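# A structural walkthrough
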Amino acid sequence: MAYELVGAQPVSLVGLSDRDRASIVVAAVADHNGTEHVVSRFGDTRWDLRSLFKLDNVPESRQVVIWPEDCPAALVDDFKAVLYAWFKRGRPPWKPPGARSLCSAVRDGSRTLRWLAGMGLKRFDQIRPIHISNYLHFCKEDLRLKPTAVYNRLALLDLLWAFRVDTKYAMPEYPWGELNLGVVAGRMEVRGKPAATERTGKTPVIPPTVQSAIFNYCERVIGEADALLDARDAGKIAPLDDALLRIRDAGLYLLSISTGMRNSEATGLENDSWRTEKVKGVTYHWVRTVEQKTGKGLVEYLAPPETLNALRIVQRYAKPLQERLAREINRRRLEAEVEGPDPRECLQRLYRARKSAKKLFIGANVHGGDDGSGAGGRIDVLTEMGCGLALDRLARAAGTNWNLTSHQCRRTYARMFVESKMGRVSLIFLKWQLKHTSMSMTQLYAANPLQDAGLYGEFIDEMSCLKVEIMESWLSDAPLSGGAGRKITELRAIPIADRALLLKHTADSIHIRPTGHAWCLAQERGCGGAGLYEATRCVDCKSGVIDESFASVWQGIHAQQLELLDLDDAGPAVQQRAQREVRLSRRVLEELGVTPMPVDGLSSLEMGEGAR
């Protein structure tokens, strides 16, 4: 990339003539001699931004901006001006956007521009509140767009106001009155009402049964991979045979589900980008990648040893494809050294090939042109869409009909952590799934300062979401026991104006901790932890809630105490204690509407002791 040429361009268009504006360099590339070649200028109808992209999983078609040619020139020129200013200066307090955000803004903004042109507007200074109101109604009512989509379409108007000094025909007034874009689009709260996007459109968590089927299938694929790769190396299987692609796809899933990486981070993995260390007798395995979304740079994810094994196998899969890339790089470099009429396309491809040279998750792009090998297509990093198709094929091959996507793996990873911490599923399951040995996830994640903080944000979001789900079940008709549980049951009779808003705000302030047999709501002073070991303390505790999820646990407690009553050599103290525990456990089961688990030979004894 020609950083010097692009960096030397003005960051503001104020005071520039039309000719000077049109000649501003937007993107450029440099050859082997350092000579810089202009790729796109401000005045062009097409901006080729491939050299500005840092992400590897974006298709090239999404790295090019096509400015609308079916709209008035004054609209398009100011549209370009505000997006250029935003791209160069950013919008305080935020930093300038990346090339991907710019391309997305052009696609969404072009739709708004065409609508305005259809209303007869030729310049942005002709916009009036009625136009904005009508377009908002069109987006929400006619197109039925979700709040985020509405926000993206209206973002152009927000930028036009923020960078109005860079336009020739500035908007006459702030477009949102006393509100802001987030509120108008429905993404933010206003006057105590929740946003329209509240808990909607969330990525689904992969169900445990589906997750188990896919995970086990991927482990089988990886387990059989060496034999297939041996056959490929012996010339018996083509390098891009479907069976070999399944190895790559299985490795992608195992990496994503066992680390919580984003797709852009997973596809950014290179050769040998993992390590193992031993700290105070505990072995840690780390996978290294580059975090692009928030600009953190190099980060490391904790991974189980099986994931590292899968990555070694994927690296072996990728080796002949990387060799093809190396040959293409040599050929492109030689072509670039020969003075031709237009070396820019060759330099663009050379830049991308060099970025992909050591990547693991690569394949043949049949739509991307020829790499000169005669094998058809060229080798590229899997795009986000390509990864989606690969994971979907994987889910089908595993015998499920689940529409698997990359981000589902990240959210499922976060949910597994939170549910284990909250006691919703056994910690043993998480330990099996992630192949951990002795330490809790929290301790493991505290071991490396390069951990991705964004994943902790996912944990917090999932924790809040899970709290809402738990409390929502308490406010339903489900039976509850425990001191706090009985109080909640009484409160159900009180009408609530906005249950969703109440649950959301309560979840942010309340503590919900599992004891293994109840939920503990103690904020400051509780039982000092005694309830962890003496379950019946929670039955009448003002901070204890026992719901149906703990019914089987209380059946077990009840059965154990009945067995103690059956002992004739335990002594009177044990007998008295067991009688009390039986009464309390039976009370819990009755309040939950569960019949106590029958124990042979003890029913009459239980009845007799309970009546004393």
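Scroll up to find the structure.
This section reports on the structure supplied with the text. A quick note: this is a predicted structure, and the numbers were derived from the prediction, not measured.

### What to know about the overall build of the protein chain
- What the protein chain contains, in helices and strands, is 23 helices and twelve strands.
- Within the protein chain, buried positions represent 47% of all 612 residues.
- In the protein chain, the share of contacts with a sequence separation of at least 24, taken over all contacts with a separation of at least 6, comes to 65%.
- In the structure as shown, the protein chain presents an accessible area of about 29,900 Å², 53% of it carried by carbon and sulfur atoms.

### Comments concerning unusual backbone geometry
- P92 connects to P93 through a cis peptide bond whose omega is 5°.
- Looking at the secondary structure, you find P93 in the loop between α3 (73–89) and α4 (99–118).
- Even without a glycine there, the phi angle at R144 is positive, about 55°.
- Tracing the sequence through the fold places R144 in the loop between α5 (129–142) and α6 (147–162).

### Brief notes about the nonpolar core
- With 90 residues, the main nonpolar core has Y253, V287, W474 and W554 as its most contacted residues.
- With ten residues, helix α12 (residues 305–337) is the single largest residue contributor to this core.
- Setting aside anything within four residues of it in sequence, one finds V287 in contact with L255, M261, L269, S273, W274, V299, E300, Y301, A303, L308 and L311.
- Ranked by size, the runner-up nonpolar core spans 55 residues in total, among them V26, F87, L157 and L159.

### A few points about the sheet that holds strand β6 (residues 282–291)
- Read across the sheet, three strands follow the order β5-β6-β7 without closing on themselves; strand pairing throughout is antiparallel. Each edge of the open sheet is held by one strand with a lone partner, namely β5 (274–279) and β7 (297–302). Geometrically, the sheet is characterised by an average inter-axis angle of 35° between neighbouring strands, direction not taken into account.
- Judged from the six bridges that link them, β6 and β7 form a sheet pairing that is antiparallel. Residue T289 lies in a different strand from β7, and its bridge partner there is V299.
- The strands touched by α12 are β5 and β6; relative to β5, the strand with the most contacts, the crossing angle is about 155°.

### Focus on the pattern of salt bridges
- All told, the structure shown has 48 salt bridges when counted by the stated rule.
- Among the ionic pairs, E462 bridges to R411, the shortest N-O distance being 2.5 Å. Within this pair, whereas E462 is found in helix α18 (residues 453–474), its partner R411 is found in helix α15 (residues 406–422), the two being separated by 51 residues in sequence. The burial state of E462 is the same as that of R411; both residues are buried.
- When the shortest N-O distance is used, the salt bridge between R580 and E534 registers 3.6 Å. Here E534 lies in the loop between β11 (519–520) and β12 (544–545) and R580 lies in helix α22 (residues 572–591), a separation of 46 residues in the sequence.
- Each of D48, R50, E60, E328, R332, E345, R349, R352, R378 and D380 takes part in a single network of salt bridges with overlapping partners.

### A short note on the side chain of D380
- Along the polypeptide, D380 turns up in strand β9 (residues 378–381).
- A polar atom in the side chain of D380 sits 3.2 Å from the side chain of R378.
- With residues near it in sequence (within four places) discarded, D380 still touches R349, R352, F361, I362, G363 and N365.

### Considering the state of the cysteines
- Within this structure, the stated rule accounts for zero disulfides.
- No disulfide involves C218; its sulfur sits 9.0 Å from the nearest other cysteine sulfur, which is in C409.
- What makes C218 buried here is its relative accessible area of 0%.

### Overview of the packing of α12 against helix α13 (residues 344–356)
- Direction vectors running N to C along α12 and α13 enclose 150°, while the axes themselves pass 9 Å from each other. Viewed along their axes, α12 and α13 adopt a mutual orientation that is roughly antiparallel. Our pair here, α12 against α13, has a crossing hand that is left-handed. Residues L325, E328, I329, R332, R333, E335 and A336 of α12 form the contact with α13, whose participating residues are C346, L347, R349, L350, A353, R354 and S356.
- Its residues placed into classes, the contact of α12 with α13 shows seven nonpolar, one polar and six charged.

### Some details on the layout of surface pockets
- Of the voids in this model, the second largest pocket is the one considered here, and its volume is about 630 Å³.
- What lines the second largest pocket is a set of 23 residues, and nearest its centre among them are A364, N365, V366, H367 and T383.
- Among the secondary structure elements, those contributing two or more residues to the lining of the second largest pocket are α10 (242–259), β8 (362–365), β9 and α14 (384–397).
- If one sorts the elements of the lining of the second largest pocket by residue count, α14 sits on top with five residues.
- Of the residues that constitute the lining of the second largest pocket, the class distribution is ten nonpolar, seven polar and six charged.

### Considering the sheet that holds β11
- If you walk across this open sheet you meet the three strands as β10-β11-β12, and the pairing is antiparallel. Because the sheet does not close on itself, it has two edges, and the strands there are β10 (513–514) and β12.
- Note that β11 and β12 share two bridges and pair antiparallel. Bridge pairing links C520 to G544 in β12.

### Quick look at empty space enclosed by the protein
- Across all of its chains, the model carries three cavities of 30 Å³ or more by this definition.
- If you add up the space inside the largest cavity, you get close to 110 Å³.
- Looking at the lining of the largest cavity residue by residue, the class counts come to four nonpolar, three polar and five charged.

Cut-offs applied
- Residues numbered from 1 in each chain as written.
- Predicted model: local features only at pLDDT ≥ 70, side-chain atom pairs only at ≥ 80, totals over all residues.
- Heavy atoms only, no water.
- Helix = DSSP H or I, 4+ residues; strand = E, 2+ residues; numbered from the N terminus.
- Buried < 20%, exposed > 50% of the residue type's maximum accessible area, 1.4 Å probe, protein only.
- Contact = heavy atoms within 4.5 Å.
- Areas by Shrake-Rupley, 256 points an atom, 1.4 Å probe, with all protein chains shown as cover.
- Core = buried A, V, L, I, M, F, W, Y, C linked by side-chain atoms within 4.5 Å.
- Pairing = 2+ DSSP bridges.
- Axes fitted to C-alpha atoms, helices over the stretch in contact; angles between N-to-C directions.
- Salt bridge = Lys/Arg side-chain N within 4 Å of Asp/Glu carboxyl O.
- Polar contact = N/O pair within 3.5 Å; in protein donor to acceptor, adjacent residues only side chain to side chain.
- Disulfide = S-S within 2.5 Å.
- Parallel < 35°, antiparallel > 145°, perpendicular 65-115°, else oblique.
- Left-handed = near helix turned anticlockwise from the far one by under 90°.
- Nonpolar A, V, L, I, M, F, W, Y, C, P; charged D, E, K, R; others polar.
- 1 Å grid on protein atoms, 1.4 Å probe; cavity = no way out; pocket = protein on both sides within 12 Å on 5 of 7 lines; lining within 4 Å.
- Points joined across faces, edges and corners; volume = space filled by probe spheres on them.

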